[in-house]
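In case you want the letters, here they are:
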Amino acid sequence: MIYTVTFNPALDYTLRLDNLTAGRIHRTAEESFYAGGKGINVSNVLTQLDIPNIALGFIAGFTGDEIERLVNILGIKPEFIRMPAGNSRVNVKIRSADGAETDINARGCNIDADSLNQFYTKIGDLKSKDYLILSGSIPNSLPSDIYETILQKLSTKSVNCVVDATGALLRNTLKYAPFLIKPNKEELGELFNETVQDDDDIIRLARILQKEGARNVLVSKGAEGAVLLTETGIYMKAPPAHGTTVNTVGAGDSMVAGFLAGWSLYGDYQKALLLGTASGAATAFCENIARKDEIKNIYDALTKKTKSQKGEE
Ligand SMILES: Nc1ncnc2c1ncn2[C@@H]1O[C@H](COP(=O)(O)OP(=O)(O)OP(=O)(O)O)[C@@H](O)[C@H]1O
Ligand SMILES: [Mg+2]
């Protein structure tokens, strides 16, 4: 089973309006609610690709109920821990006609010690060969070394952990040999305090992260595609997908989901890389998170492109 974790899920409230002016009253042209959070995005794309998964995390209050309801509508199976006090946060996303995007992200409620213990008990039930995906930053109410703690707890069970995080949060997990890490190009550079110029730089730095313990290193390059260094020591590149970029939020989460879906379905690095790249692109090319058909079309186009580059067609 694949498990995702969203420590601080949000009810995203997206408002469309003409122009935003501070200090004025505005009327919206359209408004909608979504369940937000990096782990939920990963679960969403896995579900689109028919890969069973369970969304773990913490919810509270009436907003938490609504997040759970929306997650269920997406077809995702949630096993959230319900906290006794507070409300899950509402993040307000204002989209104005001039294309400007103004986001107000709330802090979220504190995760109490008892709820955190319930979470540790839950992940204690994970079995060998399960996958656990940890994405994004850690809320202030949790210990800053929680990713390390989780990987350490699971290290004796050969659970495959995926870490999509930045800086020390990512680096400190490497000694527990995560199955996959997915820094983007800038995040990779930040880890080494250098500017990544080209694929040679990516491969050189990814090899260092492997020496520190990472098994597979997937480096995303936004509109330029991605590079994968596998635990078998080979590297492969995914060509960029072509389309009109609409909203890139969640592209990284979609790529992680697509990669794992491809790996579970085919056990093949090249296919996993292309499905990951296609899923990221499909999300970048739409308003919200990618749907199955869009992913499939882009995956087929990328597969064709890659075959013709190799002279197979
Ligand atoms: N504008 C784009 N055009 C085509 N493909 C894209 C675009 N943006 C993202 N992608 C695809 O999605 C993948 C992940 O995107 P990106 O490198 O932006 O991840 P990220 O920076 O981790 O994103 P996030 O903001 O979700 O954390 C890319 O490797 C690429 O395959
Ligand atoms: Mg990212």
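Residues numbered from 1 in each chain as written. Chains lettered and ligands numbered in written order. Predicted model: local features only at pLDDT ≥ 70, side-chain atom pairs only at ≥ 80, totals over all residues. Heavy atoms only, no water.

Colleague: How do you make sense of the site of ligand 1 when you look at a structure like this?
Modeller: Taken together, the neighbourhood of ligand 1 is formed by 21 residues, with Asn 184, Ser 220, Gly 222, Thr 245 and Gly 252 sitting nearest. The separation between an oxygen atom of ligand 1 and a polar side-chain atom of Lys 182 is 3.0 Å. In the environment of ligand 1, an oxygen atom lies 2.9 Å from a nitrogen or oxygen atom belonging to the backbone of Gly 222. Against a free-state accessible area of 630 Å², the protein chains account for coverage of 85% of ligand 1. Mapped by element, the contributors of at least two residues to the shell around ligand 1 are helix 8 (251-266) and helix 9 (269-284). Partitioning the shell around ligand 1 into residue classes produces eight nonpolar, nine polar and four charged. (Near = heavy atom within 4 Å. Polar contact = N/O pair within 3.5 Å; in protein donor to acceptor, adjacent residues only side chain to side chain. Areas by Shrake-Rupley, 256 points an atom, 1.4 Å probe, with all protein chains shown as cover. Helix = DSSP H or I, 4+ residues; strand = E, 2+ residues; numbered from the N terminus. Nonpolar A, V, L, I, M, F, W, Y, C, P; charged D, E, K, R; others polar.)

Colleague: Help me understand the nonpolar core in this model?
Modeller: One broad rule of soluble globular proteins: the nonpolar side chains tend to lie buried together. Grouped together as the largest cluster of nonpolar side chains are 47 residues, with contacts concentrated most on Phe 7, Phe 119, Leu 132, Ile 146, Tyr 147 and Ile 150. Non-local contacts of Ile 146, meaning those with residues more than four positions away in its chain, are made with Phe 7, Leu 116, Tyr 120 and Ile 138. (Core = buried A, V, L, I, M, F, W, Y, C linked by side-chain atoms within 4.5 Å. Buried < 20%, exposed > 50% of the residue type's maximum accessible area, 1.4 Å probe, protein only. Contact = heavy atoms within 4.5 Å.)

Colleague: Is there a simple way to explain the packing of helix 6 (residues 185-192) against helix 7 (residues 199-211) in this structure?
Modeller: The interhelical angle for the contact between helix 6 and helix 7, taken along N-to-C directions, is 60°, at an axis separation of 11 Å. Considered as vectors, helix 6 and helix 7 are oriented oblique to each other. Seen from above, helix 6 lies across helix 7 with left-handed handedness. Packed against helix 6, whose contacting residues are Lys 185, Leu 188, Leu 191 and Phe 192, the element helix 7 presents Ile 202, Leu 205, Ile 208 and Leu 209 at the interface. A breakdown of the residues in the contact of helix 6 with helix 7 according to their chemical character gives seven nonpolar, no polar and one charged. (Axes fitted to C-alpha atoms, helices over the stretch in contact; angles between N-to-C directions. Parallel < 35°, antiparallel > 145°, perpendicular 65-115°, else oblique. Left-handed = near helix turned anticlockwise from the far one by under 90°.)

Colleague: What is the right way to look at the sheet that holds strand 10 (residues 180-181) in this model?
Modeller: Think of a sheet as strands paired side by side through backbone hydrogen bonds, with each pair either parallel or antiparallel. In spatial order, the strands read 5-4-1-8-9-10-11-12-13; together these nine strands make up an open sheet with mixed pairing. Every other strand in the sheet has two partners, leaving strand 5 (77-83) and strand 13 (235-238) as the edge strands with one partner each. (Pairing = 2+ DSSP bridges.)

Colleague: Can you walk me through the packing of aromatic side chains in this structure?
Modeller: Between two aromatic rings, the relevant description is the distance of the centres plus the angle of the planes. Following the criterion strictly, the structure yields nine aromatic pairs and no others. Here a set of aromatic residues connected by ring pairs shows up, and it is made of Phe 7, Phe 58, Phe 119, Tyr 120 and Tyr 147. The residue whose ring lies beneath Arg 171 is Phe 192, and the NZ or CZ to ring-centre distance is 4.6 Å. If you follow Lys 271 out to its NZ or CZ, it ends over the ring of Tyr 266, 5.1 Å from the centre. (Phe/Tyr/Trp six-rings, centres within 6.5 Å; stacked < 30°, edge-to-face > 60°. Lys NZ or Arg CZ within 6 Å of the ring centre and 35° of its normal.)

Colleague: What is the right way to read the side chain of Arg 89 from this model?
Modeller: Assignment of secondary structure puts Arg 89 in strand 6 (residues 89-96). Buried within the structure, Arg 89 lacks any salt-bridge partner; Asp 12 is the closest side chain of opposite charge, at an N-O distance of 6.9 Å. A polar side-chain atom of Arg 89 sits 3.0 Å from the main-chain carbonyl oxygen of Ala 106. The residues contacting Arg 89, other than those within four sequence positions of it, are Asn 8, Pro 9, Ala 10, Leu 11, Ala 106, Arg 107 and Gly 108. (Lys, Arg positive; Asp, Glu negative; His and termini not counted. Salt bridge = Lys/Arg side-chain N within 4 Å of Asp/Glu carboxyl O.)

Colleague: What should I look at first to understand the pattern of salt bridges in this one?
Modeller: Side-chain pairs of opposite charge can arise whenever the charged atoms involved come near each other. Scanning the entire structure with this criterion turns up 19 salt bridges. The partner of Glu 79 in a salt bridge is Lys 122, and the shortest N-O contact between them spans 2.9 Å. With Glu 79 in strand 5 and Lys 122 in helix 3 (residues 113-124), this pair connects stretches of sequence that are 43 residues apart. Where Lys 221 meets Asp 199, a salt bridge forms, and the shortest distance between an N and an O atom there is 2.8 Å. Taken as a pair, Lys 221 in the loop between strand 11 (216-220) and strand 12 (226-229) and Asp 199 in helix 7 lie far apart in primary sequence, 22 residues in all. Here the two residues Lys 221 and Asp 199 agree in accessibility, since each one is buried. Via salt bridges that share partners, Asp 65, Glu 68 and Arg 82 belong to a single interconnected network.

Colleague: Teacher, can you tell me more about unusual backbone geometry here?
Modeller: For residues that are not glycine, phi is negative in most cases, and the peptide bond is trans in most cases. Positive phi outside glycine occurs at Ala 177, with the angle close to 50°. Structurally, Ala 177 can be placed in the loop between helix 5 (167-171) and strand 10.

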